[in-house]
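Take a look at the letters that make up each chain.
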Number of protein chains: 2
Amino acid sequence: MKKIIPQATINRLPLYHRTLKQVAQLGQNIISSNELGRLLELTPEQIRKDLIFFGQFGMKGLGYYVDELAAHIEKILGLQHHWRLAIIGMNDLGKALASYPDFLEMGFYIGALFDTDKSLVGTEFNNMRIYNFSNIKNIAPRKLLDIAVITVPAEEAQRAADRAIDAGLKGIWNFAPIKLEVPMGISLVEEDLTFGLSTLSYRLAQRSK
Amino acid sequence: MKKIIPQATINRLPLYHRTLKQVAQLGQNIISSNELGRLLELTPEQIRKDLIFFGQFGMKGLGYYVDELAAHIEKILGLQHHWRLAIIGMNDLGKALASYPDFLEMGFYIGALFDTDKSLVGTEFNNMRIYNFSNIKNIAPRKLLDIAVITVPAEEAQRAADRAIDAGLKGIWNFAPIKLEVPMGISLVEEDLTFGLSTLSYRLAQRSK
C-alpha cells in the first residue's frame, strides 16, 4: 500500500534536497535528524516524521545516508526527468530566469525563449535564439518543451498560458501577478515574489517592537 | 496574555492577505471560512484555527469582515511600515525586482539602486539613479533604507550583505544561491527560485505516472 505524503511534507522536500546537496558537497556521508533539524530549523521529530514516507533510509541512532536520501527525494520530486522550460516574455525577469544558474544544476533546462516584440524576435540571449511566441505550437514539439515560465505582464498572462497549453506544455510556472486558470491535467505553480518580502516585513516589525 | 502565533500560520498570512485583497477588490465585504478555504485550498477548520490568533473578527455562522481582517493581517505582517528597499546588483534580476509592480501595492518602496559596475553607476533605471555600492553608508540614512535586496552573484553576496548591514540596513532579502550569515538583530529571508520549480516538477511527475 502506498502512503499518501502530506502536502506540508512535499513543500519541505526542496528544502531537504538543497540542504542534503550542500552537506554532500562538504564531503559528509551521514547526517543525523538532529543535525538536519538544526540546518533546517525544524525539530528532529518533524524530520523523522517527514522522512518516514521515504522508506528505510535511517540507521537507528546514527542518521541518514546523505546521497541515498538526496537521490530518493530527487526521484519523488521528479527531478530526474530533466524538464525543459520555455521562457515566455524576455523582459528583465525573463532574462534573469533564463540565466539563473541553479536551474541547470537542479536538472531543469532552458528549452526555448519566446517573445512577441518584433525587435526581440530573431535576436539572441545567452546564445539562444528568441522565437516568435505565435510559433510556439511548431517549436514546442521540436524542442520538447514541458513547462511554460510566464513572465509577461498580468493582462497578457492568461492568454500566454492558454497558448502554451494549446502547444502541448503540461506545466505552467506563473510569475505574473494574477491568478491563472488552467484545465484539468495541467500543473500550475503561482510564484508571488511579495511572499518572501512579507515574511521579512513580519520579522522586522517583530524586532522593532 | 499574548498568544504565540505558530510559524506555519505566519507563513500563510501573505496568502490570506493577497486573497482578502482580491476579494475586497471584487466588492465583497464578508467571507466565510468555507469560501476562504475554497480559495486557499485549505480546510475551513484550518482557516478558523489560523484566524483565531487575530482576535474576534468572525461573526458566528456568517464569516469574516474582509477589510477588517485584511487590515489586521497587514498590521501583523508590518506592512504599514512602508519599508524601503535597496536593490544591490542592477543585473537582469535587480532590474526585474526594481520594477516589480506588486511591491509598491504591498507598501514596499524602492529606496535606492546600487551596483559596483562603473558603466552602470551614475546612470538611471526607471527614473532612479544607480549609486555606487561603495557609498551605501552615506546613502542609506539619507534614503532611509531598511531592506537590502541581494541580487549579486553568489561569490559576492556575503560581502554585499555585510556592507549593507554595516550601513544600517536591518533586513536582508537574498536571491543569490548561497546561504548567508547575518548577526543577531538582522532579519534574513533567503529566496530560492528553484523551490517553485521543484513543486511543479513533483506535480508533473505525479501526473505522468
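Residues numbered from 1 in each chain as written. Chains lettered and ligands numbered in written order. Predicted model: local features only at pLDDT ≥ 70, side-chain atom pairs only at ≥ 80, totals over all residues. Heavy atoms only, no water.

Colleague: Which parts of the structure should I look at to understand the interface of chain B and chain A?
Modeller: Where interface size is given, it is often the accessible area lost as the parts come together that is meant. Taken together, the contact pairs 59 residues of chain B with 59 residues of chain A. In terms of surface lost to chain A, no three residues of chain B exceed Leu193(B), Leu197(B) and Tyr202(B), which account for 13% of the buried area on that side. Between the two partners, chain B and chain A, sit two salt bridges. A salt bridge links Asp192(B) to Arg18(A); the nearest nitrogen and oxygen atoms lie 2.8 Å apart. Here chain B and chain A share 18 residue pairs in polar contact (both at pLDDT 80 or more) between them. Counting only elements with at least two residues in the side of chain B that touches chain A, the list comes to α1 (7-25), α4 (66-77), α5 (92-98), α6 (101-105), β9 (171-174), β10 (187-190) and α9 (194-207) of chain B. (Contact = heavy atoms within 4.5 Å. Buried area = accessible area lost by both parts, 1.4 Å probe. Salt bridge = Lys/Arg side-chain N within 4 Å of Asp/Glu carboxyl O. Polar contact = N/O pair within 3.5 Å; in protein donor to acceptor, adjacent residues only side chain to side chain. Helix = DSSP H or I, 4+ residues; strand = E, 2+ residues; numbered from the N terminus.)

Colleague: Looking at this model, I keep getting lost on the sheet that holds strand β4 (residues 84-88) of chain A. Mind explaining?
Modeller: Through backbone hydrogen bonds, the strands of a sheet pair up, either in parallel or in antiparallel fashion. The strand order across the open sheet built from seven strands is β6-β7-β5-β4-β8-β9-β10 (chain A), with neighbouring strands paired in mixed fashion. Each edge of the open sheet carries a strand with a single partner, namely β6 (124-125) and β10 (187-190) of chain A. Along the sheet, α9(B) contacts β4, β8 (147-150), β9 (171-174) and β10 of chain A; its crossing angle with β10(A), the most-contacted strand, is approximately 165°. (Pairing = 2+ DSSP bridges. Axes fitted to C-alpha atoms, helices over the stretch in contact; angles between N-to-C directions.)

Colleague: How should the pattern of salt bridges be read in this particular structure?
Modeller: Once their charged atoms are close, side chains differing in charge can pair, the charge on each being opposite to the other. A complete count under the given rule lists 10 salt bridges over all chains for this structure. Measuring nitrogen to oxygen at the nearest pair gives 3.2 Å for the salt bridge that ties Asp166(A) to Lys137(A). Taken together, the residues Asp166(A) in helix α8 (residues 154-166) and Lys137(A) in helix α7 (residues 136-143) connect sequence positions 29 residues apart. One salt bridge in this structure joins Asp50(B) and Arg12(B), with 2.7 Å as the shortest N-O distance. With Asp50(B) in helix α3 (residues 44-51) and Arg12(B) in helix α1, this residue pair connects regions lying 38 residues apart in the sequence. A relative accessible area of 1% means that Asp50(B) is categorised as buried. (Buried < 20%, exposed > 50% of the residue type's maximum accessible area, 1.4 Å probe, protein only.)

Colleague: Explain the relation of the copies chain B and chain A to me, please; I cannot follow it from the model alone.
Modeller: Between the two chain copies there is a screw-like relation: a rotation about an axis and a shift along it. Superposition record for chain B on chain A: RMSD 0.0 Å, screw rotation 180°, translation along axis 0.0 Å. Both chain copies can therefore be described as sitting about a two-fold axis. The C-alpha atom lying nearest the rotation axis in chain B is that of Asp92(B); the distance is 2.4 Å. Here 100% of the contact residues of chain B are again contact residues in chain A; the copies associate through an equivalent surface. (Least-squares fit on C-alpha atoms with pLDDT ≥ 70 in both.)

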